[in-house]
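What the coordinates show
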Amino acid sequence: MTLSPDDRARSERYLDDLFGAGAGARHSAFVDRLAHPGLRDTLHSYHVLESDTKYLSVAENYLLGMTVLCAQRSYGPAAMFAKTLLHLGVAREKLLEAVARLTMWVGGIAAAEAAAHMQKAIGEYEQRGVASLEAWFPEAKPVTR
């Protein structure tokens, strides 16, 4: 997959709209740390897809993503999605309810483990706000490969 410059710009604008001016460029700096261009382009293309809210809102997309990532035990990205949802104004109770309902698909122990990770992420966001998402938004620096 090769991303067009227009799609990369759309990806960055989408993130600027969510997190404020400059967030798109900082997130691109994060994505640009990946050595494989296909992975970089794939992540940017996801942002372009997410920006289309014809059928799913941004919050619905992130909630869906958070729960799927929890089910896959990918707690780092799930935690970042939880923080993004809080940033978007979604109630912490909704996040906790969604994780609790994972018991229907992954069982109680796995859902409890996911809940513990999401509760930690919620606490981090409540203490630090958007700064708790700093891993996704490093200062832009030249990437050497």
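Thoughts on a nonpolar patch on the surface
Together, Tyr55, Leu56, Leu64 and Val68 make up a nonpolar patch on the protein surface, roughly 420 Å² of accessible area in all. With respect to the secondary-structure elements, Leu56 resides in the loop between helix H3 (37-50) and helix H4 (58-71).

Notes on the packing of aromatic side chains
What the rule picks out here adds up to three aromatic pairs. For the ring pair Phe19 and Phe137, a centre distance of 4.9 Å and an interplane angle of 55° mean the geometry is tilted. Of this pair, Phe19 sits in helix H1 (residues 5-19) while Phe137 sits in the segment after helix H8 (108-128), placing them 118 residues apart in sequence. The two residues Phe19 and Phe137 agree in class, both being buried. Ring centres 4.8 Å apart and planes at 65° place the aromatic pair Tyr62 and Phe81 in the edge-to-face group. Residue Tyr62 is found in helix H4, and its partner Phe81 is found in helix H5 (residues 75-87); the two are separated by 19 residues along the sequence. Its relative accessible area of 16% is what places Phe81 among the buried residues. Three or more aromatic residues link up through ring pairs in this structure, and these residues are Tyr62, Phe81 and Trp136.

What counts, and at which threshold
- Residues numbered from 1 in each chain as written.
- Predicted model: local features only at pLDDT ≥ 70, side-chain atom pairs only at ≥ 80, totals over all residues.
- Heavy atoms only, no water.
- Patch = residues over 30% accessible without salt bridge, like charges linked within 9 Å, V, L, I, M, F, W, Y side chains within 5 Å.
- Areas by Shrake-Rupley, 256 points an atom, 1.4 Å probe, with all protein chains shown as cover.
- Salt bridge = Lys/Arg side-chain N within 4 Å of Asp/Glu carboxyl O.
- Helix = DSSP H or I, 4+ residues; strand = E, 2+ residues; numbered from the N terminus.
- Phe/Tyr/Trp six-rings, centres within 6.5 Å; stacked < 30°, edge-to-face > 60°.
- Buried < 20%, exposed > 50% of the residue type's maximum accessible area, 1.4 Å probe, protein only.

Don't take any of this as a statement about function, it's just geometry.
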